Amino acid sequence: LPNSEGEAAIDTLRQAIARYPDYAPAHSMLAFMLLVSGYVGWSVGEREPLVKQAAALAARAAELDDADPWAHFALGFVAFTRRSTDDALEQFQRALDLNPNFAAAHGYLGLALALGGRSDQAIAHSEQAIRMSPHDPQNSIFNVALAVAHYIAGRYTEAVGFGRKALQQRDGMTGGHRIFCASLAQAGQIDEARTALTRLKELHPDISIAWIEKYVPYTPGPMAKFLEGMRKAGLQ
């Protein structure tokens, strides 16, 4: 979704909760929208207030209806954002158990697996999400997951390709620019990596190694490998 459509969806969901406070899917979908707004670049500043709101909404959704796959999906995204990777994987899998055709749950499970360094599983779930919903606007995020998975596995040329594809689908996505930049640097394309870093800084002027360490939910091993690429590109 573009920024304006995303903001409109958030407003609509807030109104739905105010009118129907016991309707679980409105809580879980609002939680998801708040979290994804930070990931795709609508909001690149302070994340914790959004995460706290989303955590409360997701918990309330599960309390209202534990069989709502969106509730477990939202709980998974909260856990992923907080680097509780095992909890995230469990909740995303629970969402899939409740609805095996939930393409987004496959996709975000793939993203969590990728940032957790489990590349083969990440690729399987990300590809499944794209197969199940080939025209989904979220496929840009799932192509980022594929880029990360290949990057962590040391396949930098493939990572560059998926990063470029993600940005063709959604140019404003800061997560896509980060992995594209790191992948170019590790592939030895330093001039291209520096150009990509310049574009990232236009979208996110406060980007730094410290910001990534604080907000991007890689587990420790993958984080070190990712930061190696960002430093090669010239990020401090």
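Residues numbered from 1 in each chain as written. Predicted model: local features only at pLDDT ≥ 70, side-chain atom pairs only at ≥ 80, totals over all residues. Heavy atoms only, no water.

**Observations concerning the packing of aromatic side chains**
Working definition: an aromatic ring pair is given by the centre-to-centre distance plus the angle between the planes.
Next, step 1: All told, the structure shown has 16 aromatic pairs when counted by the stated rule.
Next, step 2: Centre to centre, the rings of F73 and F92 are 5.8 Å apart; their planes meet at 50 degrees, and the pair counts as tilted. Of this pair, F73 sits in helix 4 (residues 69–81) while F92 sits in helix 5 (residues 85–98), and the two are 19 residues apart along the sequence. Each member of the pair F73 and F92 is classed as buried.
Next, step 3: Considering the side-chain rings of F77 and Y108, the 5.0 Å spacing of their centres and the 40 degrees angle between planes classify their relative orientation as tilted. Of this pair, F77 sits in helix 4 while Y108 sits in helix 6 (residues 103–115), and the two are 31 residues apart along the sequence. (Phe/Tyr/Trp six-rings, centres within 6.5 Å; stacked < 30°, edge-to-face > 60°. Helix = DSSP H or I, 4+ residues; strand = E, 2+ residues; numbered from the N terminus. Buried < 20%, exposed > 50% of the residue type's maximum accessible area, 1.4 Å probe, protein only.)

**Some remarks on unusual backbone geometry**
Peptide bonds are trans in most cases, and residues, glycine excluded, mostly fall at negative phi.
Next, step 1: If you check the backbone angles, R83 has positive phi at about 65 degrees while not being a glycine.
Next, step 2: Structurally, R83 is set in the loop between helix 4 and helix 5.

**Describing helix 7 (residues 119–132)**
Next, step 1: With 14 residues, helix 7 extends 20 Å from end C-alpha to end C-alpha; this agrees with the ideal 20 Å at 1.5 Å per step.
Next, step 2: Within the sequence span of helix 7, burial applies to S119, A122, I123, H125, S126 and A129.
Next, step 3: Where the residues of helix 7 are buried, they touch helix 6 and helix 8 (139–152). (Expected span 1.5 Å × (residues − 1). Contact = heavy atoms within 4.5 Å.)

**Topic: the environment of A67**
Next, step 1: Turning to its location among the elements, A67 is positioned in the loop between helix 3 (48–64) and helix 4.
Next, step 2: For the pair formed by A67 and Q91, sequence separation is 24 residues and the distance between their alpha carbons is 12 Å.

**A word on the nonpolar core**
Next, step 1: If you look at the biggest cluster of nonpolar residues, it comprises 80 residues, and the most contacted ones within it are F73, F92, Y108, I212, Y218 and M230.
Next, step 2: The greatest single-element share of this core, amounting to 10 residues, is contributed by helix 8. (Core = buried A, V, L, I, M, F, W, Y, C linked by side-chain atoms within 4.5 Å.)

**Some words on the pattern of salt bridges**
Next, step 1: Across all of its chains, the model carries five salt bridges by this definition.
Next, step 2: Ionic pairing is found between R94 and D66, a salt bridge with its closest N-O pair at 3.7 Å. Of this pair, R94 sits in helix 5 while D66 sits in the loop between helix 3 and helix 4, placing them 28 residues apart in sequence.
Next, step 3: On the basis of relative accessibility, which here comes to 42%, the residue D66 falls in the partly exposed class.
Next, step 4: The partner of R199 in a salt bridge is E202, and the shortest N-O contact between them spans 3.3 Å. Highlighted residues: R199 and E202, both in helix 11 (residues 190–203), separated by three residues, approximately one helical turn.
Next, step 5: For R199, a relative accessible area of 28% puts it in the partly exposed group.
Next, step 6: Beyond isolated ion pairs, a larger network of salt bridges with shared partners links D22, R60 and E63. (Salt bridge = Lys/Arg side-chain N within 4 Å of Asp/Glu carboxyl O.)

**Brief notes about the packing of helix 10 (residues 174–186) against helix 13 (residues 220–233)**
Next, step 1: Between helix 10 and helix 13, whose axes approach to 8 Å, the crossing angle comes to 75 degrees. Classed by the angle they form, the pair helix 10 and helix 13 counts as roughly perpendicular. On the side of helix 10, the interface is formed by R178, I179, C181, A182, A185 and Q186, while helix 13 contributes K225, F226, E228, G229, M230, K232 and A233. (Axes fitted to C-alpha atoms, helices over the stretch in contact; angles between N-to-C directions. Parallel < 35°, antiparallel > 145°, perpendicular 65-115°, else oblique.)

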